[in-house]
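# Fold and contact review
Each chain, letter by letter, is given below.
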Amino acid sequence: MRILLTSHEPLDVPGSGELVDQWTRGLTAAGHQVRVLAIDGVPTDDAEPNVRRIFCHATDRRAPLPFVRPTFAPTSDFGLNFTALTDRQLSDYRDLLRVELDREIDLYDPCIVHVQHVWLFGHLALEAGVPYVVSAHGEEFELARRDWRFRRYMQETAENACRILAHGEAAQIGVAQLVGDLEGRVVPQADARTAAHTSLPQLYREALVDRFGRLPPHCER
């Protein structure tokens, strides 16, 4: 299968970033074609053939977004909490993510997009009209309680997801309060790190069959 993974965190950051990196390695080793679109805060000329990074940096002119990388953690020298973004910064962030996500979809034609967090990448996948799966981690629900700008994005992202993988109790509670069980489309996750080359591809196939009635021809492998 052709799979596009997205992350609002760099791939070497503990949590969702490292999880995407582990999934990428596991899925690739199992023979799937995996692309990754990730946010990073340290512009670099290093390139990985299957990874495209969107850079945020307050002073480095190589970065298309001229502010510190948004993060789910409290604001620090290493990140700017999403709730601290101005309306203009949030708009610029979403606009660039939209351009880069559309580019990956046009060039790569993935069978499915798997986004981290019930957040902005998921809403952009919805706008792009592609089937997508969401991993909910819990942090986004805490931020949304403090910043209502994200509520609509999260609601619409969750309602239209093929599946929501709820990682941990906080995520399960957050998803249930947001949209309920979505007629069985919410899948609790105990240990996501072991699922890369077995559970995820099967889940993707089931999600696609539910959405289209059958697997799209280019995803039948």
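Notes on the structure follow.

A word on the sheet that holds strand β7 (residues 132–136). Reading across from one edge, β3-β2-β1-β6-β7-β8-β9 is the order of the seven strands in this open sheet, with parallel pairing throughout. Only two strands of the sheet have a single partner each, and these edge strands are β3 (51–55) and β9 (186–189). Adjacent strand axes in the sheet meet at a mean angle of 20°, parallel and antiparallel pairs treated alike. Of the strand pairs in this sheet, strand β1 (residues 2–7) and strand β6 (residues 112–116) are connected by four bridges, and their pairing is parallel. If you follow L5 over to β6, its bridge partner there is H114. Against the sheet, helix α6 (residues 169–179) engages β7, β8 (163–167) and β9, with an angle of about 140° to β8. Set on the sheet, helix α7 (residues 199–212) makes contact with β1, β6, β7, β8 and β9; between it and β8 the angle comes to about 145°.

As a general feature of sheets, a regular strand has side chains that alternate between the two faces. Most of β1 is tucked away, with five of its six residues classed as buried. Handedness of the β1-helix α1 (residues 16–29)-strand β2 (residues 33–40) crossover: right-handed.

Let's shift gears to the pattern of salt bridges. The full count for this structure, using the stated rule, is 18 salt bridges. A salt bridge links R69 to E9; the nearest nitrogen and oxygen atoms lie 2.7 Å apart. Here R69 is found in the loop between β3 and β4 (70–71), whereas its partner E9 is found in the loop between β1 and α1, with 60 residues between them in sequence. Each member of the pair, R69 together with E9, is buried.

Assignment of secondary structure puts T24 in helix α1. Aside from chain neighbours lying at most four places away, what touches T24 is L5, V34, V36 and N50.

What follows covers the state of the cysteines. Within the structure shown, the criterion is met by one disulfide. Disulfide pairing places C111 opposite C219 at an S-S distance of 2.2 Å. Because the torsion about its S-S bond is -115°, the bridge between C111 and C219 counts as left-handed. Separated by 108 residues along the polypeptide, C111 in the loop between α2 (87–108) and β6 and C219 in the segment after α7 bring together distant segments of the chain. Exposure class is identical for C111 and C219. Each is buried. Here C162 stays free of any disulfide, with the sulfur of C219 as its closest cysteine sulfur at 11 Å. Assessed through its relative accessible area of 3%, C162 is described here as buried.

About the cut-offs
The written sequence of each chain sets the order in which its residues are numbered from 1. Local features in this predicted model are restricted to residues of pLDDT 70 or higher, and side-chain atom pairs are both shown and tallied only at a pLDDT of 80 or more, whereas totals for entire chains, interfaces and linings draw on every residue. Note: side-chain values were computed over all heavy atoms of the structure, leaving out hydrogens and water. For two strands to be treated as a pair, DSSP must find at least two bridges joining them. Going along the chain from the N terminus, every DSSP run of H or I of four or more residues is numbered as a helix, and every run of E of two or more is numbered as a strand. Axis lines are fitted to C-alpha atoms, over the contacting stretch for helices. Their N-to-C directions set the angle, which ranges from 0 to 180 degrees. Throughout, a residue-residue contact means that at least one pair of heavy atoms, one from each residue, lies within 4.5 Å. Accessible area is worked out with a 1.4 Å probe on protein chains only. A residue is then buried under 20% of its type maximum, exposed over 50%, and partly exposed in between. Seen with the strands pointing away from the viewer, any crossover whose path from the first strand over the helix to the second strand runs clockwise is right-handed. A carboxyl oxygen of Asp or Glu within 4 Å of a side-chain nitrogen of Lys or Arg is what we treat as a salt bridge. Count a disulfide wherever a pair of cysteine sulfur atoms falls within 2.5 Å.

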